[in-house]
Protein chains: 2
Amino acid sequence: MDLDELAADIDWPDREAARAAQQRWNALTKPAGSLGRLEELGTWWCSVRGACPAPPPADPVLLLVAGDHGVAREAGTSAYPPEVTAQMVRAFLRGEAAANALARSASARVRVVDAGVDADPDYAADLAPGVADRRIRRGSGSIDREDAMTLAEAERAVALGVALVDDEVDAGADLLLLGDMGIGNTTVSAVIISLLAPGDVVSLVGRGTGIDDATWMRKCAAARDAVRRGRPDKGAPLELLASVGSPDLAVMVGALLRAAGRRTPVILDGPLTSAAALIAHRIAYKSRDWWQASHLSVEPAHAAAFARLDLAPLLDLKMRLGEGTGALLALPLLRAAAATLQEMRTFEELGVTQVERPPTRPRP
Amino acid sequence: MDLDELAADIDWPDREAARAAQQRWNALTKPAGSLGRLEELGTWWCSVRGACPAPPPADPVLLLVAGDHGVAREAGTSAYPPEVTAQMVRAFLRGEAAANALARSASARVRVVDAGVDADPDYAADLAPGVADRRIRRGSGSIDREDAMTLAEAERAVALGVALVDDEVDAGADLLLLGDMGIGNTTVSAVIISLLAPGDVVSLVGRGTGIDDATWMRKCAAARDAVRRGRPDKGAPLELLASVGSPDLAVMVGALLRAAGRRTPVILDGPLTSAAALIAHRIAYKSRDWWQASHLSVEPAHAAAFARLDLAPLLDLKMRLGEGTGALLALPLLRAAAATLQEMRTFEELGVTQVERPPTRPRP
């Protein structure tokens, strides 16, 4: 299935349900607009569920996509060695990482996906046999001087994202969360976001896992070289993914497009998920309305991507971990918004005195 | 029990537990500091629970304190008539307001307190016999030209706050949330906050429930008159509460002081709760460390109070409803922080490669 076919399946969320939600918010026993962004969130939920009110998510699933990035090993852009990616996948499978604790706290399932971890295929066989079976390749090329992968690999990665979404939606998932794990992936994020959103790449390169000045300078140089390599492919998503992307990023692009095509909402997380969103949005401009930005991380590229997508993150907790942690923290807000819209009563239903004059615009 | 006795019971939260929490965050399988404010929140929770790790709150209780304010009726400072306060108390007791939906979503109990509603004592007898039994008085004086209540009433209101906290903590509450309901209470908030935090009162008067320009001008004039009336009592908390406060505000002051004295943490909500916090902080400077700011509302006085208290709200969702809705939305973040600190494993426990050099300071 090629990208144009994926795009052709994508329509807007339900505008009728959104209108009904807005009307219901205004009729509830509270001053109009007084729940601020919670109202917007509840309205979005109704639009993507196609109903008003719509019950809170019943089966949210975090797609936690892991992959290694050659640029981390070759150009030394991370504070951690690449082995950590595989070790963290093992931690996810054992349920002992931040994502697992937050998923339990928010009642979400976690699906771990090895898209391109640089480890022996049996590195986690004791915990989850076959976790590496669908892997696109072992690690990616160092994007500052070689392609991340071949075009055929990029195609397979997109198809893997599509298949994962089909799996989960067929199994009943009514909300997807996207999370990343991979040493070096903030370099890839900065490169992609610099190519698709305004901003010189050096202004978008952050401290990632917490790198020192020397590593940051190496990271900037590698990112700048990669941007130069990737520029000719700016307009061609699959070529861009192959030249300066990565298998995990391509899986996310496939997942975002398929989710929108299957009318399934997605909560975005950190910079890599927003880089995937930028690419998917280029392919299918209606896809964006199916997504919710969860949090603003301290990585500068993140804000640039959201500005380009015109998405406003719900939380600003100065986080920079990834793994879907921001998306998982936003999930209770979404549940709360949906429950409030569903369970509150209107002034009329309660016999409460209504305001005589229409409320004025609140002060900025 | 007078205010000085309440203050004498208050000590700092457990610094040893906070230190242990900070060390544990740094040892967990993630880059140091990468969970940002979630780490601060988890550390605070350990300090107020006196243990590391400390299990998430098991029995959080929202104290939802209602009262009417003469200034709304006399000076016309609200978009809603005072009858709405009693009607909303009935909605709370029926479980049909925003606070109820959010409390269910966050698994918190709601305790409705009528501190000074301006309605017949039997207005909710069919729903909760005795809800008005402990009421301090029926509505408050119009603070722009008369006292809100007598000194004896202010004392009784503080004592009611103390008794409520004793009730709940004795019944097992391990976390309190503070919420307000009362037409006119943003006028009182602006007056108190203007007296105790820097800022001319007119710059602190907001649109409340959504008032028009003419009402806003009346509200400003009333607030300015009240500030003039209250200035001589700035340094005397009980006198201040009596002259330009209100029974519900005084209940909150008593509750905040008693909670700190009983080593029980509190999540603050909107402007009235932060006005109560300013007063309680003047009485006992150690009390502040027992509190967490949940959200920043669009009322300008709110930010001024938090700046003075040096508390940083977790959420900024442009809300202005009150009822404890912001505190209830912050509760899942607190649960998540506590669960993460408790359930994650350390690098050592998992055998994950540790970073070779200490992480550098993230870029601002």
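For the structure, see preceding data.
Report on the accompanying structure. (Residues numbered from 1 in each chain as written. Chains lettered and ligands numbered in written order. Predicted model: local features only at pLDDT ≥ 70, side-chain atom pairs only at ≥ 80, totals over all residues. Heavy atoms only, no water.)

A few points about a positive patch on the surface
Note the cut-off: The residues that make up patches have over 30% relative accessible area and no salt bridge, and they are joined within 9 Å when like-charged or within 5 Å when they are Val, Leu, Ile, Met, Phe, Trp or Tyr. To measure how exposed things are, a 1.4 Å probe is used in the Shrake-Rupley method; for residues, cover is taken only from the protein chains shown. Salt bridges are defined by distance alone: a side-chain nitrogen of Lys or Arg within 4 Å of a carboxyl oxygen of Asp or Glu. His residues and chain termini do not enter the charge count, which takes Lys and Arg as positive and Asp and Glu as negative. Think of each charge as sitting on NZ of Lys, CZ of Arg, CG of Asp or CD of Glu. Numbering of helices and strands runs from the N terminus; a helix is a DSSP stretch of H or I covering at least four residues, while a strand is a stretch of E covering at least two.
The grouping of A:R231, A:K234, A:R282 and A:R308 at the surface amounts to a positive patch. Secondary-structure assignment places A:R308 in helix α14 (residues 300–309).

Quick word on the packing of aromatic side chains
All names here are of chain A. The following threshold applies: The pairing test for Phe, Tyr and Trp rings, Trp by its six-membered ring, is centres within 6.5 Å, and the orientation test on the planes gives stacked under 30 degrees, edge-to-face over 60, and tilted for anything in between. With a 1.4 Å probe rolled over the protein chains alone, any residue whose accessible area is under 20% of its type maximum counts as buried; one over 50% counts as exposed, and the rest are partly exposed. Distance and angle both matter: a charge sits over a ring if NZ of Lys or CZ of Arg is within 6 Å of the ring centre and within 35 degrees of the ring normal.
Counted under the stated rule, the structure contains 4 aromatic pairs over all chains. With 5.7 Å between their ring centres and 80 degrees between their planes, W12 and Y285 make a pair best called edge-to-face. Of this pair, W12 sits in the loop between α1 (3–8) and α2 (15–27) while Y285 sits in the loop between α13 (271–283) and β5 (291–293), and the two are 273 residues apart along the sequence. A residue is classified by how much of its surface remains accessible, and Y285, at 55% relative accessible area, is exposed. A cation over a ring is seen here: R15 above W12, with NZ or CZ 5.0 Å from the ring centre.

Some remarks on the interface of chain B and chain A
Applied cut-off: Contacts are assigned to residue pairs with any non-hydrogen atoms lying within 4.5 Å of each other. Note on definitions: buried area is the accessible-area loss of two parts on being combined, 1.4 Å probe, summed for both. Whenever a nitrogen or oxygen atom comes within 3.5 Å of another N or O atom, the pair is scored as a polar contact, on the condition that within protein one atom can donate a hydrogen and the other can accept it, and that pairs from neighbouring residues in sequence are kept only if both atoms are in side chains.
Across the boundary between the two partners, chain B contributes 68 residues, which contact 68 residues of chain A. Between chain B and chain A, the buried area comes to about 5,800 Å², and carbon and sulfur atoms account for 60% of it. In this assembly, chain B and chain A are joined by 4 salt bridges. For the salt bridge of A:R104 with B:E343, the shortest nitrogen-to-oxygen distance reads 2.7 Å. Scanning the region where chain B abuts chain A turns up 10 residue pairs in polar contact (both at pLDDT 80 or more).

A short note on the relation of the copies chain B and chain A
Rule in force here: Least squares is used to superpose the copies, and the fit set is the C-alpha atoms of residues whose pLDDT is at least 70 in both copies.
It takes a turn of 180 degrees to lay chain B on chain A, together with a shift of 0.0 Å along the axis; the resulting RMSD is 0.0 Å. The operation mapping one copy onto its partner corresponds to a two-fold rotation axis. When the interface residues of chain B are mapped onto chain A, 100% of them again fall at the interface, so both copies present the same face.

Things to note about the pattern of salt bridges
Residue and element names in this part refer to chain A. Considering all chains together, one arrives at 58 salt bridges over all chains under this definition. The partner of R228 in a salt bridge is D225, and the shortest N-O contact between them spans 3.3 Å. With a gap of 3 residues between them, R228 and D225 both fall in helix α10 (residues 213–230), about one helical turn apart. R228 sits in the exposed class, given a relative accessible area of 53%. Because the salt bridges share partners, they merge into one network encompassing D59, R109, R111, R134, D167 and E168.

So, the packing of helix α3 (residues 36–49) of chain A against helix α15 (residues 325–343) of chain A
Residues and elements named next belong to chain A. Keep this limit in mind: Angles here are taken between N-to-C directions and fall from 0 to 180 degrees, while the axes themselves are lines fitted to C-alpha atoms, restricted in helices to the stretch in contact. In what follows, roughly perpendicular refers to angles from 65 to 115 degrees, roughly parallel to angles under 35, roughly antiparallel to angles over 145, and oblique to any angle outside these ranges. Side-chain classes follow a simple rule in which Ala, Val, Leu, Ile, Met, Phe, Trp, Tyr, Cys and Pro form the nonpolar group, Asp, Glu, Lys and Arg form the charged group, and the remainder, Gly included, forms the polar group.
It is the contact of α3 with α15, at a shortest axis distance of 8 Å, that shows an interaxial angle of 80 degrees. Taken together, the axes of α3 and α15 are roughly perpendicular relative to one another. Contact residues: α3 offers L38, L41, G42, W44, W45 and C46, while α15 offers L333, L334, A337, A338, T340 and L341. For the contact of α3 with α15, the per-class residue count stands at 10 nonpolar, 2 polar and no charged.

Observations concerning the environment of A:L102
All names here are of chain A. Within the fold, L102 resides in helix α6 (residues 98–105). For L102, a relative accessible area of 2% puts it in the buried group. A C-alpha to C-alpha distance of 7.2 Å links L102 and L329, two positions 227 residues apart in sequence.

Focus on the side chain of B:D180
Residues and elements named next belong to chain B. Relative to the assigned elements, D180 resides in strand β3 (residues 175–181). Of the polar contacts made by the side chain of D180, one reaches the side chain of N185; its length is 2.8 Å. Those residues within four positions of D180 in sequence are excluded, and the remaining contacts are L64, V65, N185, M252, D269, L272, G322, E323 and G324.

Observations regarding the environment of A:A108
Residues and elements named next belong to chain A. Tracing the backbone through its elements, the reader meets A108 in the loop between α6 and β2 (109–116). A108 sits in the buried class, given a relative accessible area of 14%. Sequence-wise, A108 and L333 are 225 residues apart; in three dimensions their C-alpha atoms are separated by 14 Å. The residues contacting A108, other than those within four sequence positions of it, are P60, A103, L328 and L331.

Here we look at the sheet that holds strand β1 (residues 60–67) of chain A
Note: strands within a sheet are paired through backbone hydrogen bonds, in either parallel or antiparallel orientation. Residue and element names in this part refer to chain A. Put simply, the test is: Strand pairing is defined by DSSP finding a minimum of two bridges between the two strands.
Spatial ordering of the open sheet is given by β2-β1-β3-β4-β5, a layout of 5 strands whose pairing is parallel. Each of the sheet's edge strands pairs with one partner strand only, and the pair in question is β2 and β5. Adjacent strand axes in the sheet meet at a mean angle of 25 degrees, parallel and antiparallel pairs treated alike. Here strand β3 (residues 175–181) runs beside strand β4 (residues 266–268); their pairing, made up of 2 bridges, is parallel. Of the residues in β4, the one forming a bridge with L177 is I267.

Considering helix α7 (residues 151–170) of chain B
Residue and element names in this part refer to chain B. Which entries qualify depends on this criterion: Every helix has an expected span of 1.5 Å times one less than the residues it contains.
When the terminal C-alpha atoms of α7 are compared, their 28 Å separation across 20 residues agrees well with the 28 Å that a helix rising 1.5 Å per residue should span. All buried positions along α7 are accounted for by E153, A154, A157, V158, L160, G161, V162, L164, V165, D166, E168 and V169. Close packing links the buried residues of α7 with α1 (3–8), β1 (60–67), β2 (109–116), β3, α11 (237–244) and α12 (247–261). Backbone geometry just downstream of α7 places G172 in the positive-phi region, at approximately 115 degrees.

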